[in-house]
Amino acid sequence: MARATYAAGVRGSPTISRRTALMLAIAAASGACSGQHQVATRPPPASPEPSEAPTTATPSTSATPSAAATAPALPSVAPWRPGAGELEPAAKEAAVRRIEALGDDANHRVEIIDAQYGGLLASTASVLVVCRSLARRAGRVVAGGHTYDVRLVLRGGRWRVTEIHPSRPGRPTSDPSAAARHVLASPRIALPPAARADVASGTVHDTVLEAMLTVSRRWPIGVSVVRTGHPTYVFGTVRPSDHPLGRAFDTWRIADHAIVRPSTPPGLITAYMEALAGAGSYNVGGPILLGSAPQYFSDRTHHDHVHAGFTA
Ligand SMILES: [Zn+2]
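All of the points below concern the structure found in this document. This structure is a prediction, so every number in the text was calculated from the model and none was measured.

With that out of the way, let us pick up the overall build of the protein chain. Counting its secondary structure elements, the protein chain contains seven helices and 12 strands. By the burial criterion, 45% of the 312 residues in the protein chain qualify as buried. Residue pairs in contact within the protein chain that sit at least 24 positions apart in sequence constitute 66% of those at least 6 positions apart.

Once that is clear, we can look at the environment of Gly-157. Along the chain, the position of Gly-157 falls in the loop between β4 (147-155) and β5 (158-166). Accessibility expressed as a C-beta count within 10 Å gives 6 for Gly-157, which makes it exposed. For Gly-157 and Ser-123, which are 34 residues apart along the polypeptide, the C-alpha to C-alpha distance reads 9.5 Å.

Running from amino to carboxyl end, helix α4 (residues 178-185) crosses helix α5 (residues 193-200) at an angle of 155 degrees, the nearest separation of the two axes being 9 Å. As far as their axial angle goes, α5 and α4 are roughly antiparallel. Of the two elements, α4 crosses α5, and the hand of that crossing is left-handed. Contact with α4, carried on its side by Ala-180, Val-183 and Leu-184, involves Arg-196, Val-199 and Ala-200 of α5 and no other residues of that element. The residue makeup of the contact of α4 with α5, split by class, is five nonpolar, no polar and one charged.

Once that is clear, we can look at the environment of Ala-275. Along the chain, the position of Ala-275 falls in helix α7 (residues 266-278). A count of 20 C-beta atoms within 10 Å places Ala-275 in the buried class. Residues Ala-275 and Ala-211 lie 64 residues apart in sequence; the distance between their C-alpha atoms is 9.0 Å. Not counting the four nearest positions on each side in its chain, Ala-275 is found in contact with Val-215 and Arg-218.

Ala-95, Val-127 and Val-129 are the most contacted members of the largest nonpolar core, which totals 58 residues. Excluding its chain neighbours within four sequence positions, the residues that come into contact with Ala-95 are Ala-115, Val-127, Val-129, Val-150, Leu-152 and Val-161.

We now examine the packing of α4 against helix α6 (residues 206-216). At a minimum axis separation of 9 Å, α4 and α6 run at an interaxial angle of 40 degrees. By the angle class used here, α4 and α6 are oblique. In this structure, the crossing between α4 and α6 has a hand that is left-handed. Along its contact with α4, which presents Ala-179, Ala-180, His-182 and Val-183, the element α6 presents Asp-206, Leu-209, Glu-210, Met-212 and Leu-213. Tallied by class, the residues present in the contact of α4 with α6 amount to six nonpolar, one polar and two charged.

With respect to the helices and strands, Ala-194 occurs in helix α5. Separated by 50 residues in sequence, Ala-194 and Gly-144 have C-alpha atoms that sit 8.6 Å apart. In this structure, Ala-194 is in contact with Gly-145, His-146, Thr-147, Ser-167, Pro-169, Thr-228 and Gly-229, ignoring residues within four places of it in sequence.

Turn by turn, an α-helix covers 3.6 residues, leaving residues three or four places apart pointing in a common direction. Between its first and last C-alpha atoms α7 spans 18 Å; for 13 residues at 1.5 Å apiece the expected length is 18 Å, and the two agree. Listed as buried for α7 are Tyr-272, Met-273, Ala-275 and Leu-276. Down the axis of α7, the smallest arc covering the buried residues is 160 degrees, so these residues share one side. In α7, those exposed residues whose orientation departs by more than 90 degrees from the buried face are Pro-266, Gly-267 and Gly-278. As for α7, its buried residues are in contact with α6, β8 (248-254), β10 (283-285) and β12 (306-309). Residue Gly-280 follows α7 closely and has a positive phi angle near 115 degrees.

Each value, and the rule that gives it
Residues numbered from 1 in each chain as written. Predicted model: local features only at pLDDT ≥ 70, side-chain atom pairs only at ≥ 80, totals over all residues. Helix = DSSP H or I, 4+ residues; strand = E, 2+ residues; numbered from the N terminus. Buried ≥ 20, exposed ≤ 12 C-beta atoms within 10 Å, placed from the backbone. Contact = placed C-beta atoms within 7 Å. Axes fitted to C-alpha atoms, helices over the stretch in contact; angles between N-to-C directions. Parallel < 35°, antiparallel > 145°, perpendicular 65-115°, else oblique. Left-handed = near helix turned anticlockwise from the far one by under 90°. Nonpolar A, V, L, I, M, F, W, Y, C, P; charged D, E, K, R; others polar. Core = buried A, V, L, I, M, F, W, Y, C linked by C-beta atoms within 7 Å. Expected span 1.5 Å × (residues − 1). Arc of directions from axis to C-beta.

Following this line, the structure appears as structure tokens:
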């Protein structure tokens, strides 16, 4: 399993301890989505949430050494590698290696589902590292996971991590909408843990969820990011992103085709983007420019996913 030194640390914390790192990466699990522009140098409160990541990085009152010792062994997880078609693969690799290094130890495993850009400019980037995780806790294995907005700068020819912002979806609502229930139950919509928690929290607009249901009737889809784990502002601008407002979702896979792969048929991506516009998105971005803004846009950030934004 990949290991890295922690000496480089996170901005403002030249040396981040192993324990702090784990708490940061694994146990940051509560609160609302806002305020993610702070540099996450200290572990947020680790209040347990049933639908979220395990909190085993903090001392557990119920865990005992003997109980932990009897927990099943955690499976090994292959490190994520950028495949063909990636822009700036070194930036993604740097972000992912940092999350893997912070999240893996004897009692925790982090598996990278996808790494997509939240922003890609000439010398700065945001890589959204979409994870699921397993933790051994009190004699059992607990599943969870977060999405991390990892910020990087290109300095001296190397991409270096400067900040990490974990997703904070909040607690599940006791009264989810019908659309939210259908999305959560759909076998045709693959939601990573943070996106699932976003939908369960009741903070994603039904227009977004209904569009997901509509396009997924035609193709099974892999959703990467919904509300949390995304930059608050469109990267490199002062324009608020639709994601933290619960008015957007990103897709990284259509049917079995990762959008970033050169082998993915362009016609499939085009049809998917048009279907999103037809399902009510006012702002569809992807690797192919289909028309004028605001209905359509394309840039380097959206080379690896399709964005769909909604007015409400
Ligand atoms: Zn997006």
